[in-house]
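Structural characterization, general
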Amino acid sequence: MLEPSIPPSSAMDELNLSQQRTLALAAVFQAAKLVHLFATQGAAALLIHGEAYDYLLAETLSTRPLAKRFQQITALRSGLSSLERCLVQPYQSVPETKQLRKNPILMYATSLLVIERKVFGRDSLARVIDKQLPTLQHRRQFFAEDLRHSALLAGMASLYLETAGTLNMRLNVRGQQTELTNAANIDRIRACLLTGLQAAHTWHALGGRRWRFVLGRRQVMLDLRELAMLDRAKTIKTP
């Protein structure tokens, strides 16, 4: 598996290592947001968030080195926005009870960061991912690059169950019962969780650590502002 603390890639010369790391973290939050949306809205979430969903799956099944994945600012706007919101407002109010509850996206994202370390901390589970990802990449090619094909999603869901699903620690997804009992939607959720694991693995490979996320929020916020400026500059230059 890829060793942590990878130096910046020349292919991303406009981004420094901290910004690359923040983008990978944003990918974790984008996956977490999609998990929440599928759990509460089902396939309807694809109408608005389909591109964000396709991007994460494509990056997970990419043949590029791990540290070069999840590095497109525009494709990660949803995750960047969710990350910023969770840093500024980690709790959300419940008007009916006048209480505060933790943001489910933050809960899913932080859980993925923990689960990723447990999965890749076991050589046996890391080998399963190393072995199965090429198979899923070939399956993607077989189905004409259709990232939403049921067979591809079922394979990604199975890989998540074979690895993270074997741990004592489980990520409990909450949502609408109708959406959490729909087999196709469950596959979408688990496929997103797999992309979240891969994004978390990229974040860790680029030097990301949970203590740094907790104590280094000021730097993450600075990165978010700089990435927004870069995104805006690219948008202005685009004809």
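In what follows, the structure referred to is the one given above.
Residues numbered from 1 in each chain as written. Predicted model: local features only at pLDDT ≥ 70, side-chain atom pairs only at ≥ 80, totals over all residues. Heavy atoms only, no water.

Quick notes on the layout of surface pockets
In this structure, the largest pocket encloses a volume near 420 Å³. Residue lining of the largest pocket: 21 residues in total, with K102, N103, P104, M107 and Y108 positioned closest to the centre. If you list the elements that add at least two residues to the lining of the largest pocket, you get α1 (17-41), β1 (91-94), β2 (99-102) and α4 (104-120). It is α4 that contributes the most residues to the lining of the largest pocket, five residues altogether. Within the lining of the largest pocket, the residues separate by chemical class into seven nonpolar, nine polar and five charged. Taken together, 15 residues line the second largest pocket, and the ones lying closest to its centre are Y160, L171, V173, R190 and L193. Of all the secondary-structure elements, those providing two or more residues to the lining of the second largest pocket are α6 (150-163) and α8 (183-205). Examining the composition of the lining of the second largest pocket, we find that four residues originate from one element, α8, more than from any other. (1 Å grid on protein atoms, 1.4 Å probe; cavity = no way out; pocket = protein on both sides within 12 Å on 5 of 7 lines; lining within 4 Å. Points joined across faces, edges and corners; volume = space filled by probe spheres on them. Helix = DSSP H or I, 4+ residues; strand = E, 2+ residues; numbered from the N terminus. Nonpolar A, V, L, I, M, F, W, Y, C, P; charged D, E, K, R; others polar.)

Details of the packing of aromatic side chains
Counted according to the given criterion, the structure contains two aromatic pairs. For the ring pair F38 and Y53, a centre distance of 5.2 Å and an interplane angle of 75° mean the geometry is edge-to-face. Taken together, the residues span a long stretch of sequence, with F38 in helix α1 and Y53 in helix α2 (residues 46-60) at a distance of 15 residues. For the residue pair F38 and Y53, the accessibility class agrees, reading buried in each case. Centroid distance F142 to F143: 5.1 Å. Interplanar angle 85°. Geometry classified as edge-to-face. Residue F143 is classed as partly exposed on the basis of its relative accessible area, which comes to 23%. (Phe/Tyr/Trp six-rings, centres within 6.5 Å; stacked < 30°, edge-to-face > 60°. Buried < 20%, exposed > 50% of the residue type's maximum accessible area, 1.4 Å probe, protein only.)

So, helix α5 (residues 123-142)
For α5, spanning 20 residues, the distance from its first C-alpha to its last is 29 Å, which sits close to the expected 28 Å at 1.5 Å a residue. Regarding α5, the residues found buried are L125, A126, I129, L133, L136, Q137 and R140. The elements touched by buried residues of α5 are α2, α4, α6 and α8. Looking at the residues trailing α5, positive phi occurs at A144, about 55°. (Expected span 1.5 Å × (residues − 1). Contact = heavy atoms within 4.5 Å.)

With respect to α1
In a regular helix each residue adds 1.5 Å, so 25 residues correspond to 36 Å; α1 covers 36 Å between its end C-alpha atoms and thus fits that length. For α1, the buried fraction is high: 21 of the 25 residues fall into the buried class. Its side-chain oxygen placed 3.1 Å from the backbone nitrogen of S18, N16 serves as the N-cap of α1. Two residues or fewer after α1 comes G42, characterised by a positive phi angle close to 70°. (Polar contact = N/O pair within 3.5 Å; in protein donor to acceptor, adjacent residues only side chain to side chain.)

Considering the pattern of salt bridges
Under the criterion given, the structure shown has five salt bridges. Where R148 meets D54, a salt bridge forms, and the shortest distance between an N and an O atom there is 3.0 Å. One end of the pair, R148, is in the loop between α5 and α6; the other, D54, is in helix α2, and 94 residues separate them in sequence. On the basis of relative accessibility, which here comes to 37%, the residue R148 falls in the partly exposed class. The class for D54 is partly exposed, based on a relative accessible area of 22%. (Salt bridge = Lys/Arg side-chain N within 4 Å of Asp/Glu carboxyl O.)

Here we look at the nonpolar core
Counting 69 residues, the largest nonpolar core has F29, L83, V119 and F213 as the members making the most contacts within it. Those elements that place two or more of their residues in this core are α1, α2, α3 (77-88), α4, α5, α6, α8 and α10 (217-237). Looking at this core, the element that brings in the most residues is α1, giving 14 residues. What L83 contacts, discounting residues up to four positions off in sequence, is T22, L25, A26, F29, F213, V220 and L224. (Core = buried A, V, L, I, M, F, W, Y, C linked by side-chain atoms within 4.5 Å.)

A look at the environment of A24
With respect to the element layout, A24 can be found in helix α1. By relative accessible area, A24 is classed as buried at 0%. It is 9.8 Å that separates the C-alpha atoms of A24 and A205, two residues lying 181 residues apart in sequence. Residues within four places of A24 in sequence aside, it is in contact with F70, Q71, A199, T202, W203 and L206.

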